[in-house]
Every structure is written in C-alpha cells, then in structure tokens.
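The chain contents come next:
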Amino acid sequence: MKIAFIGAGSLGFTRKLLTDIMSVPELRGAEIAFTDINQHNLDMVTELCQRDLDSNGINTKIQSTLNRREAFTGANYVINCVRIGVIDAFTTDVEIPLKYGVDQCVGDTLCIGGIMYGQRVIAAMKDFCKDMREVCAPGVLHLNYSNPNAMATWACNHYFGINTIGLCHGVMGGEWQIASALDMKREELDFVCAGINHQTWYLSVKKDGVELRDKLLAAYEAHPIFSQQEKVRIDILRRFGYYSTESNGHLSEYVAWYRKREDELADWISLDDWINGETGGYLRECSGRRDWFVQDFPNAMNAPPMKFDGTDRGHEHGSYIIEALETRRLYRGTFNVVNNGCITNLPNDCIVEVPCYADGNGISVPFVGDLPDGPAAICSQSVNVQRLAVKAAIAGDDWLLRQAVLLDPLTGAVCTPREIDQMVDEMLIAQEQWLPQYTKAISEAKTRRAQAEKNGTLIPPRPYKGVRK
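A short tour of the structure in this document, coming up. (Residues numbered from 1 in each chain as written. Predicted model: local features only at pLDDT ≥ 70, side-chain atom pairs only at ≥ 80, totals over all residues. Heavy atoms only, no water.)

Next up on the list: the packing of aromatic side chains. One pass over the full model with this rule turns up twelve aromatic pairs. Measuring from centroid to centroid gives 5.7 Å for tyrosine 220 and phenylalanine 226, while their planes differ by 35°, and the two rings are tilted. For the pair formed by tyrosine 220 and phenylalanine 226, the shared burial category is buried. Just above the ring of phenylalanine 90 sits the side chain of arginine 83; from NZ or CZ to the centre is 4.0 Å. Positioned above the aromatic ring of tyrosine 320, the side-chain terminus of arginine 313 is 3.7 Å from the ring centre. (Phe/Tyr/Trp six-rings, centres within 6.5 Å; stacked < 30°, edge-to-face > 60°. Buried < 20%, exposed > 50% of the residue type's maximum accessible area, 1.4 Å probe, protein only. Lys NZ or Arg CZ within 6 Å of the ring centre and 35° of its normal.)

Most of strand β11 (residues 351-359) sits out of view: seven of its nine residues are buried. Note: β11 against strand β12 (residues 362-364), three bridges, orientation antiparallel. When the sheet's bridge partners are listed, aspartate 359 is paired in β12 with glycine 362. Between β11 and β12, which follow one another and run antiparallel, lie two residues. (Helix = DSSP H or I, 4+ residues; strand = E, 2+ residues; numbered from the N terminus. Pairing = 2+ DSSP bridges.)

To continue, consider the nonpolar core. Of all hydrophobic cores here, the largest spans 127 residues; its most connected members are Ile3, Phe5, Phe34, Phe72, Val78, Ile79 and Met423. Element by element, the count of residues in this core is highest for helix α5 (residues 111-135), at 13 residues. Here isoleucine 79 is in contact with Ile3, Ala4, Phe5, Ile6, Leu17, Ile21, Leu143, Tyr145 and Ile322, once residues within four sequence places are set aside. Ile178, Phe191, Leu212 and Tyr220 belong to the second-largest nonpolar core, a separate cluster that totals 18 residues. (Core = buried A, V, L, I, M, F, W, Y, C linked by side-chain atoms within 4.5 Å. Contact = heavy atoms within 4.5 Å.)

This part takes up the pattern of salt bridges. Side chains carrying opposite charge are able to pair once their charged atoms draw close together. Under the counting rule described, the total for this entry stands at 31 salt bridges. Close ionic contact of aspartate 103 with arginine 259 constitutes a salt bridge, the shortest N to O distance being 2.4 Å. Placement of aspartate 103 in the loop between α4 (86-98) and α5 and of arginine 259 in the loop between α11 (248-252) and α12 (262-265) is noted, with a sequence separation of 156 residues between them. Arginine 259 shares its class with aspartate 103; the two are buried. Residues joined by salt bridges that share partners form a network here, namely Arg68, Arg69, Lys130, Asp131 and Glu134. (Salt bridge = Lys/Arg side-chain N within 4 Å of Asp/Glu carboxyl O.)

Written as structure tokens, this is what we have:
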C-alpha cells in the first residue's frame with residue numbers, strides 16, 4: 001500500500017497526519033511519498049518525519065519529490081492539504097474586498113474570498129486529478145483537507161473523475177465545545193450533525209438517550225466565556241433553533257447579517273482570538289507564521305520525536321478512514337460526500353457533511369432526511385453560490401463567477417452590482433498567476449480597468465478598516 005501527501009511542506013499538519021497513520025500497527029508497512037512545490041520546506045518536513053520513523057523503529061524511507069507524478073505513482077491514497085497561492089493570494093482574498101466594504105474573518109470557504117480561493121484550488125485540482133487517474137493505483141481514494149472543501153470536493157467528484165472525500169475537524173471541535181458548555185464530558189454525549197461543510201448543524205445532542213438540544217441556548221448564554229466569544233453562533237441558535245459547527249468568525253461571514261456594518265461589527269465579535277471574528281484575523285495569524293520554519297523546525301528537531309504507540313495520535317479523520325478500509329475496523333465520522341439523496345431537502349449533486357461509516361466494505365452514507373427548514377434555507381443559499389463558483393472555475397467563465405459573487409449572502413448585502421463587477425476584475429488581475437483558466441477574462445478585465453482609470457470612472461475604495469487587534 002502507498003500513501004501520498006500533496007502539500008507535504010506543511011510542517012505541523014503533515015507530521016501529525018503521518019503520526020496518526022503510523023500509530024496503526026497494520027499501516028506501518030505502507031510506502032510514504034511527500035510532494036510539494038517548495039523544496040526547502042519539503043526537505044525540512046521530510047527530515048523531521050524520517051527522524052520520527054527511524055526513532056520508532058519503522059523501516060520506511062520517505063519518498064520526497066517535487067515531481068507530483070512520481071509521488072502519486074501506485075498510490076492507493078492521496079492526502080491533499082495544499083493552499084494554492086499561500087499568503088500572497090490569501091492577502092488579495094481579504095484585503096481587496098475590504099476596499100469595497102466586504103469584511104471577512106477567514107475568507108476560505110464562502111464570501112468573495114472563498115469563491116476566489118475556489119477558483120485557484122479547482123484549477124490546481126484538475127491537474128492533480130489527471131495525474132491520479134493516470135498513475136495512481138486503480139480505485140485511489142483522495143482525502144481532501146484543502147479549502148474551500150465543499151467546492152474542491154464537488155469538482156473532483158463531478159468533473160475530474162476521482163473518488164474524493166472532504167475532511168474537516170469542525171464538527172469534532174463543536175462537539176467538545178458543546179460538552180464544555182453543558183459541563184459534561186464529550187464521551188458522555190451522542191451527536192447527530194449534518195449540513196454542508198462549515199455550515200453543519202447539531203440536529204441531536206443526547207446523553208443516555210435523553211435529548212439535550214433544547215438546553216443549549218441557556219447553557220451558552222450563561223457560560224462566562226462562550227457567551228462573549230460566540231455571539232453570532234448563539235444568535236443563530238436563538239433564531240433558528242440549532243447550533244452550528246463553525247467558529248464565530250467563520251459563521252459570521254457566511255450569512256448576510258453580522259458583518260455588513262462596520263459600526264456594529266464589534267457587537268458580534270470578540271478580539272480574544274482571531275477565530276472569534278477579527279477582521280482578516282486568519283490572514284494575520286498566517287502572516288505571522290510566514291517564516292515559522294526558521295524557529296519551529298530547529299525547535300522540533302531538538303524536541304523528542306513523535307511516538308507511534310498511539311499516545312500522540314490525533315482526531316483527524318484521515319488515518320481512521322484508512323485504518324477502517326484496510327483492517328475492517330468500524331469507524332464513524334462526519335465526512336463531506338456527494339449528497340445523492342442523503343439530505344432530502346438539499347440538491348443531490350451538492351456536497352454535504354454528514355455522519356458516515358467506514359469499514360472493510362468501503363464508506364457508507366446513512367440516510368439523514370430533511371434538515372430543519374431554517375438551517376436548510378441557509379445551506380441552500382451557500383449551495384447555489386458553490387455550484388456557480390465550481391462551474392465558473394471549471395470553464396474559466398467570469399460571467400458565472402460574477403453571478404456567484406452577486407448571490408453570495410454577505411457580498412450581496414454590502415455591494416452593488418457595479419462594485420461587484422469592479423471587485424471581480426481587480427481580483428482576477430491580482431490573482432492572474434494562479435488562474436490559468438481565466439486568461440481571456442483577465443485580459444478583458446485589464447482593458448476595462450485601464451479604460452475606467454483613464455476616464456476617471458473607477459469606483460473609489462471605501463474608508464473601511466473593520467475591527468482588528
């Protein structure tokens with residue numbers, strides 16, 4: 001068996017996932033391949049992970065290469081954790097929209113930043129999946145951690161011919177938080193959670209068969225920390241009856257109501273941590289770690305190696321899925337899969353995040369049925385944006401791209417159609433190097449912008465700064 005990591009130059013994530021895999025005795029004989037586009041980062045991650053393998057007595061030599069096809073050749077599993085354009089592109093996802101009053105905390109899933117991120121990722125995924133079809137083992141399973149997860153997973157399954165499961169830890173994080181709010185242990189509770197990635201809903205929270213969902217609002221409102229850090233999530237819970245998986249910062253940018261007025265934004269977010277809603281918070285966090293290898297790599301090499309005895313194994317789904325498929329042990333997790341009637345009031349072609357089972361027979365998706373009407377309506381808005389954004393990315397069609405942005409809840413609440421046209425042009429031009437499918441559209445955008453500058457008809461930027469530390 002062979003497992004390939006793409007985007008392996010991520011020190012923390014790649015090392016942790018490899019530790020998870022090697023914590024399963026039956027998987028220790030697997031071939032491991034790392035590939036990335038950054039030789040320096042790839043070399044450091046490989047050196048550190050090889051030391052972990054050697055220290056645990058694992059007789060595996062990591063295949064480390066910039067040649068993606070070499071890494072993919074014969075692979076049964078491809079674990080994808082790339083970020084296309086890294087900080088340079090991410091900066092344009094956040095800072096250009098701010099000039100038009102579109103305030104994002106993260107910008108990697110929906111809103112204008114997530115839509116543009118999807119255009120870059122899907123362009124890259126097309127090439128990844130071509131290589132998987134041509135050189136991977138038959139039936140290769142693509143485990144996708146890259147955002148925007150739903151859009152990327154949608155494109156791979158429907159357009160690129162690769163069986164892809166989208167993985168995210170948001171549901172698990174919310175489970176631990178709910179247990180804390182209820183002053184219980186996570187192990188005491190049983191959850192049913194379903195929706196779409198980053199807009200998944202806790203439909204049921206039970207202890208010993210007794211439903212506790214109706215106790216969540218009072219528990220969160222009374223909690224000394226969550227009541228201040230999760231104001232958007234609590235307000236959604238109050239108005240729609242169900243708690244959402246995603247952080248305050250994430251959720252606030254997927255809906256139209258909380259980030260559209262600069263003077264009211266502080267009422268909904270906390271600056272205790274970027275994830276609670278700070279303007280451009282995740283960009284600031286990532287930018288501060290741009291050169292983290294300079295310090296983190298030497299520190300990691302001087303620290304004890306990771307242990308493969310299970311004590312250092314984390315909770316990410318990837319290793320548990322591979323373990324279940326290879327050993328026939330049952331694993332239940334919440335995965336992103338093609339709907340195909342699982343959630344009956346969302347479209348069949350969309351990507352849903354739902355409870356699934358993995359074992360020796362493969363991955364099974366139980367029937368969920370209808371989401372409650374309110375959460376279903378919120379998810380449906382996002383699904384419509386996702387579908388248009390995916391089709392735009394596949395075809396390089398800026399007409400569809402503009403429709404996706406117009407229909408995005410927060411962007412549409414803030415911007416006029418003319419502003420959206422100008423913003424899309426500006427972002428296409430700024431991200432040209434990562435958008436090969438938009439060559440013609442970018443040329444036309446440059447012409448329009450130059451003409452508007454000459455005529456003095458450019459819409460001026462807004463004096464918008466948001467709420468930052």
